[in-house]
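# Fold and geometry: a report
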Amino acid sequence: MIHSARGVFNRLLPDVHISTDHKVGKQAGNSPGYGISLVAETTSGCFVSADTAISYGIREESGEIEDDERKDLVPAEGVGNQIASILLGEIEQGGVVDSTHQGLLFLLCALCPRDISKSPEGKLSPYGI
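Parameters at a glance
Residues numbered from 1 in each chain as written. Predicted model: local features only at pLDDT ≥ 70, side-chain atom pairs only at ≥ 80, totals over all residues. Heavy atoms only, no water. Pairing = 2+ DSSP bridges. Helix = DSSP H or I, 4+ residues; strand = E, 2+ residues; numbered from the N terminus. Axes fitted to C-alpha atoms, helices over the stretch in contact; angles between N-to-C directions. Left-handed = near helix turned anticlockwise from the far one by under 90°. Contact = heavy atoms within 4.5 Å. Nonpolar A, V, L, I, M, F, W, Y, C, P; charged D, E, K, R; others polar. 1 Å grid on protein atoms, 1.4 Å probe; cavity = no way out; pocket = protein on both sides within 12 Å on 5 of 7 lines; lining within 4 Å. Points joined across faces, edges and corners; volume = space filled by probe spheres on them. Polar contact = N/O pair within 3.5 Å; in protein donor to acceptor, adjacent residues only side chain to side chain. Core = buried A, V, L, I, M, F, W, Y, C linked by side-chain atoms within 4.5 Å. Buried < 20%, exposed > 50% of the residue type's maximum accessible area, 1.4 Å probe, protein only.

### Here we look at the pairing of strand E2 (residues 47-55)
For a regular strand, side-chain orientation follows a simple rule: the groups alternate between the two sheet faces. Judged from the nine bridges that link them, strand E1 (residues 33-41) and E2 form a sheet pairing that is antiparallel. Following the sheet pairing, Gly33 is matched in E2 by Ser55. Counted between consecutive antiparallel strands, the loop separating E1 from E2 contains five residues, among which Gly45 sits at a positive phi close to 90°.

### Brief notes about the packing of helix H1 (residues 2-10) against helix H3 (residues 76-93)
Viewed as axis vectors pointing N to C, H1 and H3 meet at an angle of 35°, and their least axial separation amounts to 7 Å. The handedness of the crossing between H1 and H3 comes out as right-handed. Every residue of H3 that contacts H1 at Ser4, Ala5, Val8 and Phe9 is listed here: Ala76, Glu77, Gly80, Asn81, Ala84, Leu87 and Leu88. Its residues assigned to classes, the contact of H1 with H3 comprises seven nonpolar, three polar and one charged.

### Here's the deal with the layout of surface pockets
The space that makes up the largest pocket amounts to roughly 1,000 Å³. In terms of lining residues, the largest pocket is bounded by 33 residues, among which Ile18, Ser19, Ile36, Ser37 and Leu38 are the most central. Listing elements by their share of the lining of the largest pocket, those giving two or more residues are H1, E1 and H3. Counted by class, the lining of the largest pocket contains 18 nonpolar, 11 polar and four charged residues.

### Points about the environment of Ser99
Following the sequence through the fold, Ser99 ends up in the loop between H3 and helix H4 (102-111). Once the C-alpha coordinates of Ser99 and Tyr127 are considered, the two residues, 28 residues apart in sequence, prove to be 8.4 Å apart. Setting aside residues up to four positions removed in sequence, Ser99 forms contacts with Glu90 and Ser125. Polar contacts involving the side chain of Ser99 include one to the side chain of Glu90, which spans 2.4 Å.

### Looking at the nonpolar core
In globular proteins that are soluble, nonpolar side chains generally tend to be buried together. Counting 15 residues, the largest nonpolar core has Ala5, Phe9, Ile36, Leu38, Ile83, Ala84 and Leu87 as the members making the most contacts within it. Elements that contribute at least two residues to this core include exactly H1, E1, E2 and H3. Residue contributions to this core peak at four residues, all from H3.

Here you go:
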């Protein structure tokens, strides 16, 4: 995932830093999948993020991983390319808050006195609406 995401970003800028936190087995809570979170910092200090998780299905009654779900899992390289493209789309939209966190920002703004909060936003997400 890291190599494919870096490949997308390196076409645009040379200094891409991706850190990893890789755990397996009991250290990862016996997780049946994998995920990635990418965060970009703007020159003005704003953070824009995109993340995803890919997981096998788990049977509720036994807690075991379903065998028929194993073959349909998206390869890690594809996930890296996809999430890098999503992050670039978030950056392209402009604004200071990514679409995942718009709803939280709007709720916090609603708690403030009227006409106190102002924030430039990109395209509104369905949850933000």
